[in-house]
Structure formats: C-alpha cells, structure tokens
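Listed below, chain by chain, are the residues.
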There are 2 protein chains.
Amino acid sequence: MQRYFIKTNQIDEVTQSITLTGDDVHHIKNVMRLEVTDTILCCDGAGMDYRVRIEQISGSEVQCRILESFSSTGEPNQVEITIAFSLPKGDKVDWVLQKGTELGAYAFIPFTSARTVVKLDEKKAGKRRERWERIVKEAAEQSRRGRIPKVNALTTWRQCLAQFSSFDRILFAYEKGGKALGSLLAEKEAKRFLVIVGPEGGFTEHEAEEAVNQGAALLHLGPRILRAETAPLAVLSCIQYTYGELGGEPL
Amino acid sequence: MQRYFIKTNQIDEVTQSITLTGDDVHHIKNVMRLEVTDTILCCDGAGMDYRVRIEQISGSEVQCRILESFSSTGEPNQVEITIAFSLPKGDKVDWVLQKGTELGAYAFIPFTSARTVVKLDEKKAGKRRERWERIVKEAAEQSRRGRIPKVNALTTWRQCLAQFSSFDRILFAYEKGGKALGSLLAEKEAKRFLVIVGPEGGFTEHEAEEAVNQGAALLHLGPRILRAETAPLAVLSCIQYTYGELGGEPL
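Residues numbered from 1 in each chain as written. Chains lettered and ligands numbered in written order. Predicted model: local features only at pLDDT ≥ 70, side-chain atom pairs only at ≥ 80, totals over all residues. Heavy atoms only, no water.

### Topic: the relation of the copies chain A and chain B
Step number 1: When chain A is fitted to chain B, the residual RMSD is 0.1 Å, and the transformation amounts to a turn of 180° plus an axial shift of 0.1 Å. The superposition operator between the copies reduces to a two-fold rotation axis. Taking C-alpha positions as the reference, the residue of chain A nearest the rotation axis is Cys238 of chain A, at 2.7 Å.
Step number 2: A shared interface surface links the copies, since 100% of the contact residues of chain A are contact residues in chain B too. (Least-squares fit on C-alpha atoms with pLDDT ≥ 70 in both. Contact = heavy atoms within 4.5 Å.)

This is the structure in structure tokens:
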C-alpha cells in the first residue's frame, strides 16, 4: 500500500479525516492513478500511521477518511540513535543520511571540525540542508519508517559539544584508541545515543579531549580503518542489533 | 608507513628480499619520494606483512631487504564472511565492494537471479570485474587489510547455490520472513559465513525455497526495508561485531 508522510495539521481529529495536498495529490492522481474508495497509508512523521480511504479527489486536494490508526511498525522503540558527523567530501553525506535513515537513525547533526575539508557558506549550507531533508524523507518513505529523522542545520564542533547533555550515551569514534563497542553497550541501559564520527583526516587530540571532558566515551572500531562514511553506519547497525531492532520474527 | 600489496613471487625467501615493480615503483619514487634506507610495509595479500628497507632503486625495480615479517593485524581471524549479492543497479556494486572490504569481508560473489535488472554480456562482465578488483584492492590498502578479498566472476543463481557446500553457515536475507540474526549467531560455532542478498525487487519464493533446500537459513532484518546495498553491510558489521572483530582495545 502506498505511503505518504503528512503533517499533523493535515489531520482533522473531529471529523476523522485527512487532507492531502501538494505533490502528494499529483502522485495519487497521476502516478498511482488511485480513485475514490482506494485505501492508502498516511504517516504523521511522528510515529503514527493511519490507514485511510479516499473519499474525494479535487484539483488540489485529496480528502480521506481515517479507517484505523496505529503506531508505526518501522520505528525503533528501544533506542534513539543520533549520528553527528563532520561534513565529508562529495556525495558521502547523502550516503550517510540515506543509509542511516534505512538503519533507523533518530536524527543527524552535520558539523565542521578542525580537519573538515568542505567549506560551505550560509547560503550553500541552507541549500544543501534542503537536499539532505529530501533524501531523508524519501529514505524514510521507502524503508517504511514511521517518522522522518531530523537533519540539524550545519553546526560547529563547539555547538555540537554543547548538545551532549541531551544524550545519555555519547560514543566518539576515535582511531587512536578507545574502548570496544561491546563494552560500551554491555549494560544496555542507555536509550538516547549520540554517535560522533570525524572527517576524513580524523579528529585532533584536542577535540577528543574536549569530547571526553563533555562526557563522551572514546570508541575504537578495530584494526581496519573505516572511512568517515562507513563508521557511523557500522556503529548504527551494531547498536540496533544489540537492542533487538535489526530483525526478529516476521511481522 | 606506506603499504604496498605484492604477489608472493616477488618475495625471495633465500636472500630475504622483496622486489617491487610496475606502478609501485612509480609511487615509491615519484609520489612518496622514498629513498634507499627508507622502510615500507609490503603485504603479500594472503595475510602476511613484511617490514622492509629499501636497498636499491633502479628505473623499473625497487629492491628491498626484509627486516621482519608478521601476520597482518587488519585481517579478521575468528570468521570468514563471503558476501553473495544479486547485481544491483548503477554504482551500488562499487559501494558494496568498497565498504564490504573495509568491514572485513572475505570474498564477494556477484550473481544474477530471476529479478536482477542489470544485464551484462560476457565482455562487459569481464571489464566490470577488472574494475571491481581495482576497487577492492584500493579499499584493502586504505583500510589496512592483510589480504585482498577475492571477487568472483559474475555467476548465476544456480552456480551460486552450487557453492553453498563450501560454507558452514549460510544466511539468506529475506524480507518475507525468517529468523533474527541474533538467533542465527547465538552459538558462534560457524566460521565460514555466506551472506546472500537479493536484487532491488527481492528474491522469488522459489529461490528462497532452493536456498533453504541447499542448507541456507532465512534471515529477517526487521521492520525497516533495507536497500539491496545496505543489507549486506549491516549484516557484515553485526557478524564481525559478534565475533569481536569490530573493535577492541587499542592496538
């Protein structure tokens, strides 16, 4: 069944109806060629799914009646994993966002640190963020997520540090040494993870110190050097797996 | 220290010397500007590393003396994980090969199955394989692997099935249902894994049956739909992690 992400203000709780607008109307009418009485799935992007029946199709709106609502099955509920990454070169950002969304990342914080090569002025950063949000939305629809992960505005390492207090386990991927992931996940007590990955040239020792001073644990990922875009996806996979969020009996 | 993959026939055990040729000579002389008495690392691509001292640089050869030899630290030794994947569209193959190599894959088996979209004739397949081997070699050098994972020639699903008997645990990623990865790794008895991932459109039920009849376990990766290129990397990460191959105390 085709899925559409909607905003909560498209839901009318009183009349139990949902109004679709914009690109979704075009998609319903011209791409999917759906008709009145057909059913679709609407996701409010905050963890709720609605199975709805199309009641009226006009030029710019599709009116639907809610048949049932339920928690999205595609959302991790044991753990929230935010990926903070120093902006890598080329289209590697796209990859981290797309794959991270598929693998269930909660949010993304792109930042610039001492050895970040890519420089974006404010205007470019704004345009890139629009692109990033589009990638994440499409990946969330495709992978059957129940919400769209948030992509923060490009920030500085200092501002990233200031956000540490919102998390209860902060993992700082560091090639110069640190603890094994297994030892950092052993207790399974943390729920809100922040996974931090540096640029191609790595973090400076000073940045590692700052992270530790702010409560991060240094994480060492073994003898093979993982690229900047590979490390966050490997760590994300392993945390989800540890918390039982990567597979189980058939739904 | 700069690393170069060599072939075992470049090693002279009697005189304890290694002769570098071809592109590596250009790289040593003109890119790295190394000189006699400098030391480099040579990897035989089969799990042995050699620390060597440059003794003579001529037009087409670099002669080195072996100072010490040791097992490559970048090679997984608890487990061998081969990735068999139905040829995906575009450059996604490159990604599976590059990231798979970083994450420690042992070998790759690209195949075509019922719903594979990409069609390659023999000539094109040969060219693509050369490209794939180059990607894997570069990823192995960069990530400090001790050997270059083998990339099999493009094969058919039937020929892939015929190779099952070489493995002691075969995981068939199947979106229609199966066991959780955790339950399939619980005993940690298997050493030679084959992880099989289908094309964008998935495997047919008949192919799943054939795999099970040949000894594969159906593997279900949870409620989020992972793309064809994401699934093998997530599974690879989790198996390596389970076997203690993704991180540990600093080396």
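Back to the write-up after that little detour.
### A look at the interface of chain A and chain B
Step number 1: Taken together, the contact pairs 48 residues of chain A with 48 residues of chain B.
Step number 2: Note on chain A versus chain B: buried area summed over both sides is about 3900 Å², and carbon and sulfur give 57% of it.
Step number 3: It is Arg224, Arg227 and Tyr241 of chain A that lose the most area in chain A upon contact with chain B, and together they represent 20% of the buried surface on that side.
Step number 4: Viewed at the interface, chain B and chain A are joined by four salt bridges.
Step number 5: Here Glu229 of chain A and Lys99 of chain B are joined by a salt bridge, their closest N and O atoms 2.6 Å apart.
Step number 6: At the boundary of chain A and chain B, one finds 15 residue pairs in polar contact (both at pLDDT 80 or more). (Buried area = accessible area lost by both parts, 1.4 Å probe. Salt bridge = Lys/Arg side-chain N within 4 Å of Asp/Glu carboxyl O. Polar contact = N/O pair within 3.5 Å; in protein donor to acceptor, adjacent residues only side chain to side chain.)

### Focus: the sheet that holds strand E1 (residues 3–5) of chain B
All names here are of chain B.
Step number 1: Read from one edge of the open sheet, six strands run E1-E4-E5-E6-E3-E2, paired in mixed fashion. Across the chains shown, the open sheet's two edge strands, defined by having one partner strand only, are E1 and strand E2 (11–12).
Step number 2: In this structure, strand E4 (residues 39–43) lies alongside strand E5 (residues 48–57), joined through five bridges in antiparallel fashion. Its bridge partner being in E5, Thr39 is matched across the sheet by Arg53. (Pairing = 2+ DSSP bridges. Helix = DSSP H or I, 4+ residues; strand = E, 2+ residues; numbered from the N terminus.)

### A short note on helix H7 (residues 231–242) of chain B
Residues and elements named next belong to chain B.
Step number 1: With twelve residues, H7 extends 17 Å between its outermost C-alpha atoms, agreeing within 8% with the 16 Å of an ideal straight helix rising 1.5 Å per residue.
Step number 2: Burial within H7 is extensive, with twelve of its twelve residues counted as buried.
Step number 3: For H7, the set of buried residues is Ala231, Pro232, Leu233, Ala234, Val235, Leu236, Ser237, Cys238, Ile239, Gln240, Tyr241 and Thr242.
Step number 4: The first or second residue beyond H7 is Gly244, which carries a positive phi of 75°. (Expected span 1.5 Å × (residues − 1). Buried < 20%, exposed > 50% of the residue type's maximum accessible area, 1.4 Å probe, protein only.)

### Quick word on the environment of Thr19 of chain B
All names here are of chain B.
Step number 1: Tracing the sequence through the fold places Thr19 in strand E3 (residues 17–21).
Step number 2: Along the backbone, Thr19 and Leu233 are 214 residues apart, and their C-alpha atoms lie at a distance of 36 Å.
Step number 3: Sequence-distant contacts of Thr19, defined by excluding residues within four places in its chain, comprise Gln10, Glu61, Val62 and Gln63.

### Comments concerning the UniProt feature "domain: Ribosomal RNA small subunit methyltransferase E PUA-like" (unreviewed entry) in chain A
Step number 1: Mapped onto this numbering, the UniProt entry annotates "domain: Ribosomal RNA small subunit methyltransferase E PUA-like" (unreviewed entry) at residues 20–67 of chain A.
Step number 2: Taken end to end, residues 20–67 of chain A comprises 19% helix and 50% strand; its first and last C-alpha atoms sit 16 Å apart. (UniProt positions renumbered as here; feature names shortened; annotations may be inferred.)

### Examining the packing of aromatic side chains
Step number 1: For the structure shown, the criterion picks out 17 aromatic pairs over all chains.
Step number 2: Here the aromatic rings of Phe193 of chain A and Tyr243 of chain A are separated by 5.8 Å at their centres, their planes lie at 85°, and the arrangement is edge-to-face. With a gap of 50 residues between them, Phe193 of chain A in strand E12 (residues 192–197) and Tyr243 of chain A in the segment after helix H7 (231–242) connect regions that are remote in the sequence.
Step number 3: Judged by centre distance (5.4 Å) and plane angle (45°), the rings of Phe111 of chain B and Trp157 of chain B are tilted. (Phe/Tyr/Trp six-rings, centres within 6.5 Å; stacked < 30°, edge-to-face > 60°.)

### What to know about the domain arrangement of chain A
Residues and elements named next belong to chain A.
Step number 1: Entries for chain A in the domain assignment read domain 1 (3–71) and domain 2 (80–242).
Step number 2: The distance between the C-alpha centroids of domain 1 and domain 2 comes to 33 Å.
Step number 3: Opposite the ten residues of domain 1 that make contact, domain 2 presents eight residues.
Step number 4: For the pair domain 1 and domain 2, the summed buried surface comes to about 590 Å²; carbon and sulfur atoms form 56% of the total.
Step number 5: Among the residues domain 1 hides against domain 2, the three largest losses belong to Arg3, Phe5 and Gly45. Together they make up 82% of the total.
Step number 6: For the pair domain 1 and domain 2, the interface holds zero salt bridges.
Step number 7: If you look at where domain 1 meets domain 2, you find three residue pairs in polar contact (both at pLDDT 80 or more). (Domains from an automatic or database assignment.)

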